[in-house]
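Descriptive analysis of the structure
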Amino acid sequence: RAVSRRLACGDVEGRLEALFRRVRAIQDKSGRFDMLLCVGNFFGSTSETEWAEYRTGAKKAPIPTYVLGANDQETVSYFPDISGCELAENITYLGRRGLYSGTSGLQIAYLSGTESQEEPAPAYSFSTKDVAELKTSLLSTPNFKGVDILLTSPWPRDVGTFANSAGEIDTKKCGSKLVSDLAASLKPRYHFAALEKAYYERLPYRNHTVLQETPRHVSRFIALADIGNTSKKKYLYAFSIVPMSLMDPAELVKQPQDVTENPYRKSQKDAQKTKATLCAEEEPPCQFFFDLNKHQGKKRPSDGKERWNSQPKQAKKPPQPTGPCWFCLASPEVEKHLVVSIGTHCYLALAKGGLLPDHVLILPIGHYQSVVDLSSEVVEEVTKYKSALKEFFRSKGKRYVLFERNYRSQHLQLQVIPVPLDHCTSEDIKESFIAQAQEQQIELLEIPEHSDITQVAQPGTPYFYVELDTGEKLFHRIRGRFPLHFGREVMASEALLALPQRADWRQCAVERAEEAAQARAFRRDFQPFDFALRA
């Protein structure tokens, strides 16, 4: 029978009678379950009396029960064999770490104890070495796709990133980074943990980078409360699962509607950077292009001779605006007192009603609707302005965030907003954009570092696009309605600049004389970085 019916349970803390009474009631009502998996503290300070009846065989667990090891010195003595053993009839200690493969083909990875900084770790803990060895043993198996279930006692650190709230639990401080690293590598379909005396069912998260990797199955993290808790928080979780190895691949990788970004993305990236540094001498860098016209991106290596387009992009005359345009430099509508630099093909102007006094726009002199419509010489000058602004803002201890909304706009405006370097990292900025996009059901995807926006969007495609001065990019293809001030609202939010009162530019408009003074001040400060003055 392919479908396995399992129960998972949080901290038992020695309350065996209460646990098994509840399991019997569930089985009487819903039929037999194949297995009970217990995470967190199975034993507690008052376990001895109840445990003695099971240990001696006077009582028997009503279901095959598998438990993790001790999380403190006090309960170590209940586990006579560190590598795993039967503790009583129908109650098995899985061991310190490993993979349990049931007869059904279900693969259950497990890690006992809490995180330790010491090496070797105490009997009730795991170390970096334990996690590395468990990862190596599993990842080295041929065609490894992930495990069906992961059991740990601690929560993974940062599991709440991009997700629904975990209530009172601060997921940035709670739990173990090593468990996050393990979950990121093992890609469990279900991950159970406990110890925090809280129930938290996280939204499912994806295990692949959209547009860069073939789709993979999603992961579900479920933290369970302690048995007998007075708040009636959920401590027992029933689920049915077909082993990954027996599933139709297309069925396995189906993405639910509420799927989120991977919460461990940053830790994975850091690990990849370390790995890349170690491998740098062995392998020449390889650039990848992504054909995003197809439904699924495919990588094809470039030898540097191929271009993205088979024909070089011809210099083209920009189309003429259909009516008055506020941003064509030759137009009488342009507020020229806001202009701070003029190049050959582009110019810089302070934003009217800017979020900050140094909120600036990069604009093409001719009438182009979006970045994907630009001719190659305009693109080249946009790039020069980006470099100059990066250098300028870095000299002032800031990094910039650039975004474009190609939706209900007729002339390209690249909004450039600086953020103090010590205020937030580029990862914080990306997380804020992605998290606030998810709240509004907007799918904001990270696009490959070496790829260009023209590879993702065709001319005429409405989109929203964010670029950090590190070159990292986020993209959303607009298919319906889109909030016009989304980029500005994210930047103004408490997580970034904490200026929510300035989210609407109309509330920030100042007198023309003040705008002109701000433009003069910016022009003076920017002068040493302005390549247009040296041309």
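Residues numbered from 1 in each chain as written. Predicted model: local features only at pLDDT ≥ 70, side-chain atom pairs only at ≥ 80, totals over all residues. Heavy atoms only, no water.

- If you look the chain up in an unreviewed UniProt entry, it shows as CWF19-like protein 1 from Chunga burmeisteri.
- UniProt annotates the chain under Sequence similarities (unreviewed entry) with the comment "Belongs to the CWF19 family." (UniProt positions renumbered as here; feature names shortened; annotations may be inferred.)

**What to know about empty space enclosed by the protein**
- For the structure shown, the criterion picks out one cavity of 30 Å³ or more.
- Estimates place the volume of the largest cavity at around 40 Å³.
- As for the largest cavity, its lining consists of Gly 40, Asn 41, Phe 42, Phe 43, Gly 69, Ala 70, Asn 71, Thr 75 and Phe 79.
- Considered class by class, the residues forming the lining of the largest cavity number four nonpolar, five polar and no charged. (1 Å grid on protein atoms, 1.4 Å probe; cavity = no way out; pocket = protein on both sides within 12 Å on 5 of 7 lines; lining within 4 Å. Points joined across faces, edges and corners; volume = space filled by probe spheres on them. Nonpolar A, V, L, I, M, F, W, Y, C, P; charged D, E, K, R; others polar.)

**Observations regarding unusual backbone geometry**
- Positive phi values are uncommon outside glycine, yet Lys 232 reaches one of about 60°.
- Among the secondary structure elements, Lys 232 is positioned in the loop between β14 (218-223) and β15 (236-241).
- Among the residues examined, Lys 232 registers a relative accessible area of 79% and is labelled exposed. (Helix = DSSP H or I, 4+ residues; strand = E, 2+ residues; numbered from the N terminus. Buried < 20%, exposed > 50% of the residue type's maximum accessible area, 1.4 Å probe, protein only.)

**Here's the deal with the sheet that holds strand β21 (residues 398-406)**
- An order of β18-β19-β20-β22-β21-β24-β25-β23 is seen for the eight strands of this open sheet, with the pairing classed as antiparallel. Looking at strand neighbours, the two that pair on one side only are β18 (339-342) and β23 (445-447), the edges of this open sheet. When the angles between neighbouring strand axes are averaged without regard to direction, this sheet yields 25°.
- Pairing analysis gives three bridges linking β23 to strand β25 (residues 473-477), with the strands arranged antiparallel. Pairing of Glu 446 across the sheet is with Leu 474, part of β25.
- Strands β18, β19 (346-350) and β20 (360-364) of the sheet are contacted by helix α10 (residues 512-526), whose axis makes an angle of about 35° with β18. (Pairing = 2+ DSSP bridges. Axes fitted to C-alpha atoms, helices over the stretch in contact; angles between N-to-C directions. Contact = heavy atoms within 4.5 Å.)

**Examining the confidence of the model for the chain**
- Summarising the model, the chain shows a mean pLDDT of 87, and 88% of its residues fall at 70 or more.
- Confidence drops under pLDDT 50 across residues 277-315; counting only partners more than four residues distant or on other chains, this segment forms 48 contacts. (pLDDT = per-residue confidence, 0-100.)

**Concerning the pairing of β25**
- In terms of residue burial, β25 counts as a mostly covered element, since four of its five residues are buried.
- Strand direction decides the pairing type here: strand β24 (residues 463-468) and β25, joined by five bridges, are antiparallel. When the sheet's bridge partners are listed, Val 466 is paired in β25 with Leu 474.
- In sequence, β24 turns back onto β25 through a hairpin of four residues, with Gly 471 there showing a positive phi of about 95°.

**Points about the packing of helix α3 (residues 128-139) against helix α4 (residues 177-186)**
- Remark: α3 packs on α4, axes separated minimally by 10 Å, with the N-to-C direction vectors making an angle of 5°. With respect to α4, the axis of α3 lies roughly parallel. Of the residues in α4, those in contact with Thr 128, Val 131, Leu 134, Lys 135, Leu 138 and Leu 139 of α3 are Leu 178, Asp 181, Leu 182, Ser 185 and Leu 186.
- Residues of the contact of α3 with α4, tallied by class, amount to seven nonpolar, two polar and two charged. (Parallel < 35°, antiparallel > 145°, perpendicular 65-115°, else oblique.)

**Comments concerning the environment of Cys 38**
- You can see Cys 38 is positioned in strand β2 (residues 35-38).
- Owing to a relative accessible area of 1%, Cys 38 belongs among the buried residues under this scheme.
- In sequence terms Cys 38 and Thr 65 are 27 residues apart; their C-alpha atoms lie 7.4 Å from each other.

**Re the packing of aromatic side chains**
- What the rule picks out here adds up to 30 aromatic pairs.
- Every member of this aromatic cluster is reached through a ring pair, and the members are Phe 42, Phe 43, Trp 51, Tyr 78, Phe 79 and Tyr 93.
- Directly above the aromatic system of Phe 33 lies the positively charged group of Arg 5, at a separation of 4.1 Å from the ring centroid. (Phe/Tyr/Trp six-rings, centres within 6.5 Å; stacked < 30°, edge-to-face > 60°. Lys NZ or Arg CZ within 6 Å of the ring centre and 35° of its normal.)

**Thoughts on the pattern of salt bridges**
- Within the structure shown, the criterion is met by 32 salt bridges.
- Between Asp 34 and Arg 32 there is a salt bridge, and its shortest N-O distance comes to 3.5 Å.
- For Asp 34, a relative accessible area of 18% gives the class buried.
- By relative accessible area, which is 56% here, Arg 32 ends up exposed.
- Linking Lys 60 and Glu 89 is a salt bridge whose minimum nitrogen-to-oxygen distance equals 3.5 Å. (Salt bridge = Lys/Arg side-chain N within 4 Å of Asp/Glu carboxyl O.)

**Concerning the environment of Val 39**
- Mapped onto the elements, Val 39 comes out in the loop between β2 and α2 (48-55).
- Put simply, Val 39 and Thr 152 are 113 residues apart on the chain and 6.3 Å apart in space, counted from C-alpha to C-alpha.
- Here Val 39 is in contact with Cys 9, Gly 10, Asp 11, Leu 68, Leu 151, Thr 152, Ser 153, Phe 192, Ala 193 and Ala 194, once residues within four sequence places are set aside.

**Describing the environment of Leu 414**
- With respect to the helices and strands, Leu 414 occurs in strand β22 (residues 414-420).
- According to the relative accessible area criterion, Leu 414 is buried, its value standing at 1%.
- In sequence terms Leu 414 and Leu 348 are 66 residues apart; their C-alpha atoms lie 9.6 Å from each other.
- With residues near it in sequence (within four places) discarded, Leu 414 still touches Val 360, Leu 361, Ile 362, Val 371, Val 382, Leu 402, Phe 403 and Glu 404.

**Describing the side chain of Glu 404**
- Mapped onto the elements, Glu 404 comes out in strand β21.
- At 8.6 Å, Lys 386 is the nearest oppositely charged side chain to Glu 404, a buried residue that forms no salt bridge.
- For Glu 404, the side chain forms a polar contact with the main-chain nitrogen of Val 371, separated by 3.3 Å. (Lys, Arg positive; Asp, Glu negative; His and termini not counted. Polar contact = N/O pair within 3.5 Å; in protein donor to acceptor, adjacent residues only side chain to side chain.)

**Comments concerning the nonpolar core**
- Formed by 39 residues in total, the largest nonpolar core has its most connected members in Leu 348, Ile 362, Leu 389, Val 416, Tyr 463, Phe 522 and Phe 526.
- Looking at which element gives the most residues to this core, the answer is helix α7 (residues 376-395), with seven residues.
- When near neighbours in sequence (up to four residues on either side) are disregarded, Leu 348 contacts Leu 338, Val 339, Val 340, Ser 341, Val 360, Leu 361, Ile 362, Tyr 385, Leu 389 and Phe 526.
- Core analysis: the next-biggest nonpolar cluster, separate from the first, contains 30 residues, Val 23, Ile 63, Leu 87 and Leu 236 among them. (Core = buried A, V, L, I, M, F, W, Y, C linked by side-chain atoms within 4.5 Å.)

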